[in-house]
Amino acid sequence: MKTPLSQKTGFFAEYYLKLKDQAGSSCESDIAKLSSCKSDEERVAYVGKLPWVQAGDANLVVNQEFAGKNATLAAEIKERATSAFKAKKWLEAMMLYTRSYVALPSENVAEIRIVLANRSATLYHMQKYQECLIDIRRALDLGYPKDLIYKLYERQARCYMALKDYPHTIEAFKKCITTMDDSTLTSDKRAKLNLDAMTMIKMLSHDPRTAKQEAKQQKQKIALDQAQPVKLENEIVSPLVRIDSNPQEGRYARASANIKPGEELLVERPFVSVLLEKFAKTHCENCFVRTVVPVACPRCADVLYCSEQCREEASKKFHKYECGIVPILWRSGASINNHIALRIIASKPLDYFLNLKPTIDEELTPEQLISLPKDDFRRVAQLERHQGERQPSNFFQHVLMARFLTQCLRAGGYFGLEPKPDQVAIICSLVLRSLQFIQFNTHEVAELHKFSSSGREKSIFIGGAIYPTLALFNHSCDPGVVRYFRGTTIHINSVRPIEAGLPINENYGPMYTQDERSDRQARLKELYWFECSCDACIDNWPRFDDLPRDVIRFRCDAPNNCTAVIEVPPSCNDFMVKCVNCGEITNILKGLKVMQDTEMMTRTAKRLYETGEYSKALAKFIDLIRIMYEVLAPPFPDFCESQQNLKDCFLNLGNVYTLD
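Here the structure is a predicted model, which means the values were calculated and not measured.

Let's shift gears to the overall build of the protein chain. A count of helices and strands for the protein chain gives 25 helices and 16 strands. Per-residue burial for the protein chain yields a buried fraction of 51% across its 660 residues. Taking all contacts inside the protein chain whose residues are at least 6 apart in sequence as the whole, residues at least 24 apart take part in 67%. Accessible surface computed for the protein chain: about 32,300 Å², of which carbon and sulfur atoms make up 51%. Distance between charge centres in the protein chain, computed from 87 positive and 83 negative side chains, equals 5 Å.

Moving on, we come to the UniProt feature "domain: MYND-type" (unreviewed entry) in the protein chain. Taken from the UniProt record, the annotation "domain: MYND-type" (unreviewed entry) applies to residues 284-323. Helix makes up 38% of residues 284-323 and strand 10%, and the two end C-alpha atoms of the span are 15 Å apart.

With that out of the way, let us pick up the packing of aromatic side chains. In this structure the tally under the stated criterion is 20 aromatic pairs. Judged by centre distance (5.5 Å) and plane angle (50°), the ring pair of Phe 12 and Tyr 15 falls under tilted. Here Tyr 15 and Phe 12 lie together in helix α1 (residues 11-23), a separation of three residues that amounts to about one turn. Here Phe 12 falls in the buried class, since its relative accessible area comes to 2%. Ring centres of Tyr 508 and Tyr 528 lie 5.0 Å apart, and the angle between their planes is 50°; this geometry places the pair in the tilted category.

Here the focus is the sheet that holds strand β4 (residues 264-268). The strand order across the open sheet built from four strands is β1-β4-β11-β10, with neighbouring strands paired in antiparallel fashion. Both edges of this open sheet fall to β1 (236-237) and β10 (481-486), since each of them pairs with a single strand only. Against the sheet, helix α25 (residues 637-651) makes contact with β10 and β11 (489-494), and its axis sits at roughly 15° relative to β10, the strand it touches most.

Formed by 151 residues in total, the largest nonpolar core has its most connected members in Phe 377, Phe 396, Phe 404, Ile 427 and Ile 504. Leave out the neighbours within four places in its chain, and Ile 427 touches Ile 345, Leu 350, Phe 353, Leu 409, Tyr 414 and Phe 415. Counting residues in each nonpolar core, the second largest holds 35 residues, with Ile 552, Phe 554, Cys 556 and Ala 558 among its members.

One way to put it is that helix α8 (residues 129-141) packs onto helix α9 (residues 149-162) with a least axis distance of 10 Å and a crossing angle of 155°. What the angle tells us is that α8 and α9 run roughly antiparallel. Here α8 and α9 pass one another in a crossing that is left-handed. Residues Tyr 129, Cys 132, Leu 133, Ile 136, Ala 139 and Leu 140 of α8 form the contact with α9, whose own contacting residues are Ile 149, Leu 152, Tyr 153, Arg 155, Gln 156, Cys 159, Tyr 160 and Ala 162.

Time to look at empty space enclosed by the protein. According to the stated counting rule, one finds three cavities of 30 Å³ or more in the structure shown. Taken as a whole, the largest cavity holds about 70 Å³ of empty space. In terms of lining, the largest cavity is formed by Val 274, Leu 275, Leu 276, Ala 280, His 283, Glu 285, Val 303, Leu 304, Val 326, Trp 330, His 339 and Arg 343. Split by residue class, the lining of the largest cavity holds eight nonpolar, two polar and two charged. The volume enclosed by the second largest cavity comes to roughly 50 Å³. Elements with a contribution of two residues or more to the lining of the second largest cavity: β8 (442-451) and β10. Residues that form the lining of the second largest cavity fall into these classes: five nonpolar, three polar and one charged.

Turning next to the pattern of salt bridges. A complete count under the given rule lists 35 salt bridges for this structure. Across the pair Asp 207 and Arg 209 runs a salt bridge, and its minimum N-O distance is 2.9 Å. On the basis of relative accessibility, which here comes to 17%, the residue Asp 207 falls in the buried class. On the basis of relative accessible area, Arg 209 is assigned to the partly exposed category, the value being 44%.

Take the pairing of strand β13 (residues 565-568) next. Residues Ile 566 and Val 568 of β13 are buried on one face, while the alternating residues Val 565 and Glu 567, pointing to the opposite face, are not. Inspection of the sheet shows strand β12 (residues 552-555) paired to β13 by four bridges, in the antiparallel sense. In the sheet register, Arg 553 faces β13, and the bridge partner there is Glu 567.

Buried residues dominate β11, accounting for six of its six residues. Residues Thr 489, His 491 and Asn 493 of β11 are buried on one face, and the alternating residues Ile 490, Ile 492 and Ser 494, pointing to the opposite face, are buried as well. Two strands pair when backbone bridges link them, and β4 and β11 are joined in this way by four bridges, in the antiparallel orientation. If you follow Glu 264 over to β11, its bridge partner there is Asn 493. Pairing of β10 with β11, which is carried by six bridges, proceeds in the antiparallel orientation. Following the sheet pairing, Tyr 484 is matched in β11 by His 491. Between the antiparallel neighbours β10 and β11 lie two residues, among them Gly 487 with a positive phi of about 65°.

Rules used in this analysis
Residues numbered from 1 in each chain as written. Predicted model: local features only at pLDDT ≥ 70, side-chain atom pairs only at ≥ 80, totals over all residues. Heavy atoms only, no water. Helix = DSSP H or I, 4+ residues; strand = E, 2+ residues; numbered from the N terminus. Buried < 20%, exposed > 50% of the residue type's maximum accessible area, 1.4 Å probe, protein only. Contact = heavy atoms within 4.5 Å. Areas by Shrake-Rupley, 256 points an atom, 1.4 Å probe, with all protein chains shown as cover. Lys, Arg positive; Asp, Glu negative; His and termini not counted. Charge placed at Lys NZ, Arg CZ, Asp CG, Glu CD. UniProt positions renumbered as here; feature names shortened; annotations may be inferred. Phe/Tyr/Trp six-rings, centres within 6.5 Å; stacked < 30°, edge-to-face > 60°. Pairing = 2+ DSSP bridges. Axes fitted to C-alpha atoms, helices over the stretch in contact; angles between N-to-C directions. Core = buried A, V, L, I, M, F, W, Y, C linked by side-chain atoms within 4.5 Å. Parallel < 35°, antiparallel > 145°, perpendicular 65-115°, else oblique. Left-handed = near helix turned anticlockwise from the far one by under 90°. 1 Å grid on protein atoms, 1.4 Å probe; cavity = no way out; pocket = protein on both sides within 12 Å on 5 of 7 lines; lining within 4 Å. Points joined across faces, edges and corners; volume = space filled by probe spheres on them. Nonpolar A, V, L, I, M, F, W, Y, C, P; charged D, E, K, R; others polar. Salt bridge = Lys/Arg side-chain N within 4 Å of Asp/Glu carboxyl O.

Structural data, given as C-alpha cells:
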C-alpha cells in the first residue's frame with residue numbers, strides 16, 4: 001500500500017477529493033506546513049485545526065450499522081432453503097439456511113434453533129456427519145421444542161452410526177425413545193420408530209466393538225478431565241535465529257549456527273490479523289479457518305466464526321468495538337492495512353495505550369524488543385516507518401485516514417459515552433503511527449487452493465497480519481526460507497543451507513526466478529522504499545526460464561575456502577577442472593555423480609507429492625537440496641525446481657482448500 005488512498009473506490013476517496021476542492025488555493029500550502037511537525041501528535045493536532053478540514057468533518061460522520069439482521073429477510077431465505085431441501089439440492093439448501101441463520105436477530109431464538117436443526121438435516125444428507133452433530137448440539141442448547149426433539153436425537157444417532165461410534169449411537173437412540181413421549185407422533189409411527197431404535201440398541205449392545213469403544217472413550221474422558229487447558233499452537237523462535245542490527249541493514253535476522261534445509265526457524269501468531277471482505281462469509285474472523293457450520297455474531301451479520309470459542313475470543317478482544325463498523329470500513333474503500341491499524345487499537349483497552357504512551361518512543365535493542373510480551377504494542381510500534389522520507393502530502397493522507405479510523409472507534413464505543421478530546425487525540429496519533437509501520441510490515445495470510453480436476457494449485461490471499469518477529473527479517477530476491485500458514489499462525493522454514501553468520505532473508509514479493517531485476521527493484525522501491533542488494537540483484541541472475549541449460553555450475557572444492565563457481569558444459573569429458581579464481585584443481589566427477597543420483601531421487605519425490613504423501617516428499621526434496629548444494633551453486637535450474645517443490649510441500653502442510 002503506497003498511501004491510504006491507493007484503493008480508488010469507496011466514499012473515503014470521494015471525501016478526500018471533495019475536501020481538497022473545498023480548501024481551494026490554500027490546500028497545498030497548508031499541507032506543506034506538515035513538514036515542520038516533529039511528531040505524530042503534532043501532525044494530528046495541526047490537521048485537526050485546519051478550518052477546511054473541520055468543515056469537511058460533517059461529510060464523514062460514522063454511525064454503527066446493523067442492517068444485516070432482519071427477521072423478515074431471514075424468513076424469506078429460509079423458505080428458499082426449504083424449497084431447495086425438498087428438491088434435494090443439499091448444498092444450496094445448506095448455504096441458504098446459513099444465510100437465514102446469520103440474518104436472524106439474536107432475540108429470535110425459536111427461529112434460530114429451527115434453522116440450525118434444518119441445516120443439520122442438509123448436512124446429514126451431504127454426509128457431513130461431524131458438522132451435522134455440531135448443529136444438532138447448538139439446536140439442543142437453544143432449547144429445541146420438546147415435541148420435535150426426538151428428531152434431533154434420531155439424526156444424532158444416525159450420524160454416530162455412520163461414524164461407527166457405537167456407544168454414542170446407543171445413547172442417542174435411548175434419548176430418542178425417551179423424548180418421543182413428548183412428541184405428537186401417531187401411535188403407529190411412534191411404535192415403528194421405537195422398534196427401529198430398540199433393534200439398533202440391542203444389535204449394537206451385543207457387538208464386541210461397542211464395549212471396546214466404550215472402554216477407550218472412558219479412558220479418553222479421564223485423560224481429558226485431568227488434562228491442562230488446551231493451548232494455542234506454541235510460538236517458536238529457533239535458537240538458530242539471532243536478531244541483530246547494523247547501520248546498513250537495520251535490524252535483521254542471521255544464522256547463529258549452520259542451518260540445514262527444512263529447519264523450522266519461526267512459528268509465530270499474529271499481533272493482529274484481518275480477514276478480507278471477500279472471505280468474511282466463508283472463514284472465521286478470529287482464526288481464518290474455513291467453516292461449513294459457522295457461528296453468527298449476535299448483533300451483526302457481517303462476520304462469522306468457526307466456533308463459540310472463537311466468537312467469544314473475538315468479542316472480548318476487538319469485535320465489541322468493530323461490531324456495526326465493519327461494513328462502513330468496507331464501503332469506505334479503506335484497505336486491509338487500514339483495518340489492521342484500527343484492530344491494533346481495538347484489541348487493547350483505552351487505558352492500556354494511555355499508560356504505555358510515555359514509553360513508546362524509548363529505543364529498545366533487538367534483544368529487548370523480542371523479549372517483550374507477545375501482545376506488547378511496542379513490539380510493532382518500533383517497526384520501520386520511514387518517517388524521515390515521507391512527504392507532507394503522504395502524511396496528510398495518513399492523518400485523514402487516522403481521523404476516520406478514530407471516528408470508527410468512537411462510534412463503536414471505544415472511548416465510552418463521553419470521549420475526552422485529549423484521549424481521542426492520543427489514540428488518533430497511535431493510529432497514525434500504526435498506519436505508517438503497517439505499510440512496510442504487513443504479511444499476506446494465504447490459503448492454498450487445489451483444483452482436483454486439473455491438479456493445479458494456487459496460493460490465495462485471504463487476509464493480512466502483523467508478525468512482529470518476522471517483520472525483522474530482511475528481503476532477498478533469492479530467499480532462504482518459505483512461509484506457510486495454519487490458520488493465522490505463520491511457519492518459517494529454511495529452503496537451503498544457510499551458513500552461520502549469514503542473513504536469514506525472506507521475500508517481500510519479487511523473486512528473481514519470476515521477475516527481471518529492473519522490475520524487482522522498481523517494485524521494492526515503490527512499495528518498501530529501499531534498493532535491494534541481494535546476490536540475485538548484484539549479479540543480475542536470469543529468470544528461471546532464462547537460466548542456461550548448457551552449463552553446470554560447480555562449486556570450487558579447493559581447501560582454501562574459495563567461493564568461486566566453475567561453469568562446465570554437460571558434455572565435458574575432463575573431470576579435473578582448474579579454478580580461474582584460485583588456480584586449484586576441482587574434481588567434478590563427484591558433482592556429475594550427484595547429478596545422476598538426483599534424477600532418480602527427483603522422480604521418487606515427485607511421485608510421492610502427486611499421491612499426496614507430502615511429508616515423505618518433503619523429506620526427499622530436503623535431501624535433494626542438501627546434496628545438490630554441496631557441489632552445485634545457484635542459480636541452477638535443477639536446484640530452483642527442487643526448491644520450488646520443497647516450498648510446495650510446505651504449503652500443503654498449511655491452509656488448504658480443495659475445489660472440484
